[in-house]
Amino acid sequence: MTFLEYLENINSFGTVEESKVYISKNFFDIQYSYYSSSFENLESQTLQINEIFLDILEKGTLSEPCILTNAFIELLADYFELFKCVGSLRQIENKIDENSNLKKRIKASQLFLRVNDATTEYLSRFDEIIGLLKEAQEDGDISYKSTITFINYYYTSVSSFIRLNRNDLLAEFVSKINNIKSKYAFLTESIIEQLLQIPYANFRFDFTVFYNNISIFIKSKLEKGVYSDDLSPEISDYTDKLNEIEEKNFVNIRNLSVTYLMNLSSTKKNLLKDRLDNGLKIIDDVDLLYAYFFSFGKMHYSKVYEGINKLKQEIEGRNVALFDWGCGQALASMVFFEFIQKNKLKVNVDNLTLIEPSELALKRGIAHINCIYPQIKNSIKPICKGLDSVDNKDLINNSQIKLHLFSNIIDVPFFDLNRLCHKIKELKGENLFLCVSPVLSETGRKIRLRKFSDFFAENFETKNISETINTKKENKWKSNNCPCVNSKSNHTNDSHICYNAWTRHEIIFKTIIT
Ligand SMILES: C[S@@+](CC[C@H](N)C(=O)[O-])C[C@H]1O[C@@H](n2cnc3c(N)ncnc32)[C@H](O)[C@@H]1O
């Protein structure tokens, strides 16, 4: 179904309640249909989508927003921003939390969509617009969203300068961009280079042609994968160093990345960190492997270690098939193997399935596991695919228990959550789920963890083992790496915000799939 068809359905119900239930039931499919539609398709429907949106708004469907209607509002805001529907964008601006990333991007877009004097304001607001886009991205927004807002800014400004016949303003604008483009991750995407190469002679037309690249660009974020069945572990200087480590544990392995990063300039380090896109990037550059392990290794270690500790009674003495979904460099599996060794658990791991679309990360992941737990070497099944492309026949299912590690992946909005649930429900028998993610402000991502666990609770016999939410303010997590963790008064005081603290949303449960 198309994005427009979903909106028509929402609008077709007799009561607000029915529409809300429909949004709740179908939100992930709606989100997926939006992200996978072509730009031309979406653009051709702006008139109808605006009209339906106003209808929906008038009926009150989006008042008293709950978590899923909020997520739906965020999705609509993305659409209106992308297609410059200023009126609708303003209507929903009022419905958005003041501190959200989305609010920052909408503020940025208002700055270039509503100008009185085109000869001064596009240029004088440049720093403010870029600053807001950077802030939105740093606060956890996905960087391609800032990239798209920037493309809209470029198009609006350049068309005006051309219309006014002001080559001087155009040159100043382009020079400002060239001065900063290597400093911000959202400007280092290759689509920005393509944008800057559009000739000015027939700008509007050429821009329309270029704009088709947007859907290719977004789709490339949704899923990448090299569908390789025969994936060998990495062999490199890095793996030589792995072999040289005397005590092969997580900390010592991470230290290789710490040392690597220490030898880079701070500008290069910062840029790499930005390019990681808050960890969502499907890694395609070796430097980013180091930057990822350095930036996220400690946090993921703590989250997964504490999670496995809560599962030890369930797995002791059993035969387990381990699945590490969206595994990256297999950090979660490394922690698992370190935990069972350190705690001398008698767990027989029959096989380990590593699923990850980045070939570089997956190959390094295999090398990490071979280093930390060589006994499993011949029973690793690497699947170099995005989650949407994983086939049920890829998944091995003949152990007593299936243990699923979802370390910081369920919140990733680039795959279809419903499709994933339906795949897992084919793994009959006892299934344990360890799901950890950060606490996010972007509603569309935040609700995915709960939706995922609800699916199993609603359909099968399910035991909730643990659910924890630790923010920077409330119920602070004691392993949150916060510099003031020892100051008891701050950590028990819910009005004190620890800005540097890690956040955690953890859901651990057991399901018998029949
Ligand atoms: C925050 S990282 C988590 C990685 C790993 N689980 C860990 O704990 O370090 C998110 C991961 O999702 C992967 N990813 C992005 N899109 C994906 C998709 N469509 N399907 C599966 N994984 C995806 C990225 O390549 C990245 O490795």
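Everything quoted here is computed from the prediction, not taken from an experiment.

Asker: Honestly, the overall build of the protein in this entry has me stumped. Any pointers?
Answerer: Helix and strand counts for the protein stand at 24 helices and seven strands. In summary, the protein has a C-alpha radius of gyration of 24 Å against a globular reference of 24 Å for 514 residues, a match within 12%. Projecting the C-alpha coordinates of the protein onto the three principal axes gives extents of approximately 75 × 60 × 55 Å. Counting only residues that meet the buried cut, the protein has 42% of its 514 residues in that class. By sequence separation, contacts in the protein at least 24 residues apart represent 78% of the contacts at least 6 residues apart.

Asker: I keep staring at the site of the ligand and nothing clicks. Help me out?
Answerer: Looking at the ligand, there are 23 residues lining it, with Gly279, Gly326, Gly328, Gly386 and Ser407 nearest. Sorting the residues of the shell around the ligand by element identifies α17 (286-309) and α19 (331-342) as the ones contributing at least two each. Here the residues of the shell around the ligand are counted per class, giving 13 nonpolar, eight polar and two charged.

Asker: Before we go on, may I ask you to explain the sheet that holds strand β1 (residues 319-325) in this structure?
Answerer: Within a sheet, adjacent strands bond to each other through the backbone by hydrogen bonds, running parallel or antiparallel. Pairing within the open sheet is mixed, and its seven strands lie in the order β3-β2-β1-β4-β5-β7-β6. The open sheet has two edge strands with one neighbour each: β3 (380-383) and β6 (461-470). Neighbour-to-neighbour, the strand axes of the sheet open up by a mean angle of 15 degrees, direction not taken into account. Across the sheet, α19 is in contact with β1, β2 (348-355) and β4 (401-407); its angle to β4 comes to roughly 125 degrees.

Asker: Just to check I follow, could you spell out helix α20 (residues 359-372) for this structure?
Answerer: Each turn of an α-helix holds 3.6 residues, which means side chains three or four residues apart point in the same direction. With 14 residues, α20 should reach 20 Å at 1.5 Å per residue; the first-to-last C-alpha distance of 20 Å fits that figure. Burial of α20 is extensive: 12 of the 14 residues sit out of reach of the surface. Within α20, burial applies to Ala361, Leu362, Lys363, Arg364, Gly365, Ile366, Ala367, His368, Ile369, Asn370, Cys371 and Ile372. Considering only its buried residues, α20 is in contact with α14 (237-244), α15 (250-262), α17, α19, β2 and β3.

Asker: In this structure, what is going on with the domain arrangement of the protein? I would like to understand it.
Answerer: It is common to report an interface's size as the accessible area lost on association of the parts. Examined at the domain level, the protein breaks down into domain 1 (3-222) and domain 2 (298-513). Each of domain 1 and domain 2 has a C-alpha centre, and the two are 33 Å apart.

What counts and what doesn't
All residue numbers refer to positions counted from 1 along the written sequence of the respective chain. For a predicted model such as this one, the threshold for reporting local features is a pLDDT of at least 70, and the threshold for listing and counting side-chain atom pairs is 80 or more; totals across whole chains, interfaces and linings nevertheless cover every residue. Helix numbers and strand numbers start at the N terminus; a helix is a DSSP run of H or I with at least 4 residues, a strand a run of E with at least 2. The globule rule is 2.2 Å times the number of residues to the power 0.38, and the radius of gyration it is compared with is taken over C-alpha atoms. Here the C-beta atoms are placed from the backbone, and a residue counts as buried if at least 20 other C-beta atoms lie within 10 Å of its own, exposed if 12 or fewer do, and partly exposed otherwise. For the purpose of contact definition, each residue receives a C-beta atom placed from its backbone, and two residues are in contact when these atoms lie within 7 Å. Contact assignment follows one rule, namely that a residue is near a molecule or strand if its backbone-placed C-beta atom lies within 6 Å of it. Any residue outside Ala, Val, Leu, Ile, Met, Phe, Trp, Tyr, Cys, Pro, Asp, Glu, Lys and Arg is labelled polar, Gly included; the first ten of those are nonpolar and the last four are charged. DSSP bridges decide pairing: two strands pair if at least two such bridges lie between them. Every angle, taken between N-to-C directions, lies between 0 and 180 degrees, and every axis is a line fitted to C-alpha atoms, over only the stretch in contact when it is a helix. Expected helix span is given by 1.5 Å per residue-to-residue step, counting one fewer step than there are residues. Throughout the structure description, domain borders are defined by an automatic or database domain assignment.

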